[in-house]
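Structure at a glance
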Amino acid sequence: MKILDLSAGHRHIWFNTKHPLVTFLDRRPEVKPDIVCDTRHLPAEVGSGFDLIVFDPPHENCGPNGNMARNYGHSTRADIYDTIEGSAKEAYRVGKATTLMAFKWNDCGISLKKVIPLLEASGWEPLFGHGFPKPGRHKSETTWVMLMRRADELAGGGE
Ligand SMILES: C[S@@+](CC[C@H](N)C(=O)[O-])C[C@H]1O[C@@H](n2cnc3c(N)ncnc32)[C@H](O)[C@@H]1O
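Residues numbered from 1 in each chain as written. Predicted model: local features only at pLDDT ≥ 70, side-chain atom pairs only at ≥ 80, totals over all residues. Heavy atoms only, no water.

**Some points on the side chain of T83**
Applicable threshold: Under the DSSP-based scheme used, a helix requires at least four consecutive residues in state H or I and a strand at least two consecutive residues in state E, with every element numbered from the N terminus. Residues count as neighbours in contact if any of their non-hydrogen atoms are within 4.5 Å of one another.
Structurally, T83 can be placed in helix 2 (residues 77-93). Not counting chain neighbours up to four residues away, the residues in contact with T83 comprise R40, F55 and A88.

**Comments concerning the site of the ligand**
Quick note on the threshold: If even one non-hydrogen atom of a residue comes within 4 Å of a molecule or strand, that residue is called near it. In protein, a polar contact requires one atom able to donate a hydrogen and another able to accept it; more generally it is a pair of N or O atoms within 3.5 Å, and residues adjacent in sequence count only if both atoms are side-chain atoms. Here the nonpolar group is Ala, Val, Leu, Ile, Met, Phe, Trp, Tyr, Cys and Pro; Asp, Glu, Lys and Arg are the charged ones; every other residue, Gly included, is treated as polar.
Near the ligand, the surroundings consist of 19 residues, among which H12, I13, D26, R28 and D56 are the closest. A distance of 2.9 Å separates an oxygen atom of the ligand from a polar atom in the backbone of H12. The contact in question runs from a nitrogen atom of the ligand to an N or O atom on the backbone of T39, over 3.0 Å. When its residues are assigned to classes, the shell around the ligand shows six nonpolar, six polar and seven charged.

**Digging into the nonpolar core**
The criterion, for reference: As used here, the term nonpolar core means buried Ala, Val, Leu, Ile, Met, Phe, Trp, Tyr and Cys residues forming a set that is joined through side-chain atoms within 4.5 Å. Categorising residues by exposure relies on relative accessible area from a 1.4 Å probe, with only protein chains included: less than 20% of the type maximum marks a residue as buried, more than 50% marks it as exposed, and the intermediate range marks it as partly exposed.
Among the nonpolar cores identified, the biggest contains 28 residues, and L4, M101, F103, L119 and W124 are the most heavily contacted of them. When residues no more than four places from it in sequence are discounted, the contact partners of L119 are F55, I84, A88, M101, F103, W124 and L147. Counting residues in hydrophobic clusters, the runner-up holds eight residues, among them W14, F24, L52 and V54.

**Structural notes on the sheet that holds strand 1 (residues 3-5)**
Counted only if it meets this: The pairing criterion for strands is at least two bridges between them, as found by DSSP. Where helices are involved, their axes are fitted lines through C-alpha atoms of the stretch in contact, as for all axes, and angles between N-to-C directions lie from 0 to 180°.
Here seven strands make up an open sheet; going across it, the order is 3-2-1-4-5-7-6 and the pairing mixed. The two strands at the open ends of the sheet, each matched to only one other strand, are strand 3 (35-36) and strand 6 (124-129). Two elements, strand 6 and strand 7 (residues 142-149), share five bridges in a ladder whose sense is antiparallel. Bridge pairing in strand 7 places G129 opposite V145. Sitting on the sheet, helix 2 touches strand 4 (50-55), strand 5 (95-106), strand 6 and strand 7, and the angle it makes with strand 5 is about 160°. Its contacts with the sheet place helix 3 (residues 112-121) against strand 4, strand 5, strand 6 and strand 7, and it is angled at close to 165° to strand 5.

Quick look at the structure:
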């Protein structure tokens, strides 16, 4: 079993933050990932053939200062869209036919409806999850969505 966490941060989502089957990536050296990189361009040392991709990208432009930026880094909205699309493409490339992706999202700034197409365009098919929040709801929601790597060659590679 090979697992790739594309956006490790402080690994708050993990029960075992040092799980031996996981390769932790992040562009911020201060969070001490296994490999520091921009996940839009995965270096060769990341490897390939992952069974599970875990993707918890930035979801909000919270400004460059403050607690949110300290914990999760700072990204502009354009950066967020580009990171989701580019990283999903790279995840497709280093995946294999049976790879699954667990995608985490909070819709406080950008709705899940807007980001799912970015994943689809990069070769990932949403299977199930918390679904789209109901209209008229005011609270932001954190959701997990499970996706599978489509069999076609959208991203041009992989096993
Ligand atoms: C929402 S936080 C992840 C939180 C983490 N999953 C946790 O449990 O603590 C998003 C992370 O993605 C990283 N990130 C943002 N853009 C990136 C990129 N283009 N390449 C690599 N890492 C990126 C940020 O540095 C940040 O740590």
